[in-house]
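Here is how the chains run, residue by residue.
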Amino acid sequence: MKKIDVTEAIFEIKKARGLSWEAIAHAIGKSVVWTTSACLGMNSCPEDVADKLVDFLNLPEEAKSVLMEYPTKTWQEAIPQDPLIYRLYEIVGVYGPTLKEVIQEKFGDGIMSAIDFSMDIEKEENPKGDRVVLTLNGKFLPYASW
């Protein structure tokens, strides 16, 4: 099996059983964002988590080693066509330089880690239209001088 095979199997099982990402995350004891990312092949599962996913979703045993494989975190460099992903791309395009300036003004010359990182997605009900609340929480990594 390849990562894409496991991801496709997960989507089929999720649909057939009427599962949500939240339910899958709860079953394996991880956050919904991390679980979804791992199921999409963008994070590797520790062995105990891979075991839980295989058991909960009744995946083939060979899926365990695939879930544990280190991912190649790459994506197409073309502008995304999916409207939601495009809007996130647009946010980074429009506000990326602002985020960089404000982060570096507050922390110094460096970056926000995407390795020592967590993310949360919440729904905020609002009479003018529900709001999506994204929380990106990454460790600051200063650039070294030598």
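Structure report, in brief. Bear in mind that the values here come from a model prediction, so they are computed numbers and not experimental data. (Residues numbered from 1 in each chain as written. Predicted model: local features only at pLDDT ≥ 70, side-chain atom pairs only at ≥ 80, totals over all residues. Heavy atoms only, no water.)

1. Some points on the pairing of strand E1 (residues 110-124)
Note the threshold: For two strands to count as paired, DSSP must find a minimum of two bridges between them. Helix and strand definitions here come from DSSP, where helices need a minimum of 4 consecutive H or I residues and strands a minimum of 2 consecutive E residues; each element is numbered from the N-terminal end.
Note that E1 and strand E2 (residues 131-142) share 11 bridges and pair antiparallel. Its bridge partner lying in E2, Glu-124 is registered against Arg-131. Adjacent in sequence and paired antiparallel, E1 and E2 are bridged by six residues, among which Gly-129 carries a positive phi angle near 130 degrees.

2. Some thoughts on helix H1 (residues 3-17)
Rules: Here, expected helix span is obtained from the residue count minus one, scaled by 1.5 Å. When accessible area is computed with a 1.4 Å probe and restricted to protein chains, residues below 20% of their type maximum are described as buried, those above 50% as exposed, and intermediate ones as partly exposed. Note that the arc is defined by the directions from the helix axis to the C-beta atoms. We call two residues in contact whenever any of their non-hydrogen atoms come within 4.5 Å of each other.
Taking 1.5 Å per residue, 15 residues should reach 21 Å; H1 reaches 21 Å between its end C-alpha atoms and fits that length. Taken together, the buried positions of H1 are occupied by Lys-3, Val-6, Thr-7, Ala-9, Ile-10, Ile-13 and Lys-14. Taken end-on, H1 shows its buried residues confined to a sector of 160 degrees, consistent with a single buried face. The exposed residues of H1 that point more than 90 degrees off its buried face are Glu-12, Lys-15 and Ala-16. Taken together, the buried residues of H1 touch helix H2 (21-28), helix H3 (32-39), helix H4 (47-57) and helix H5 (63-68).

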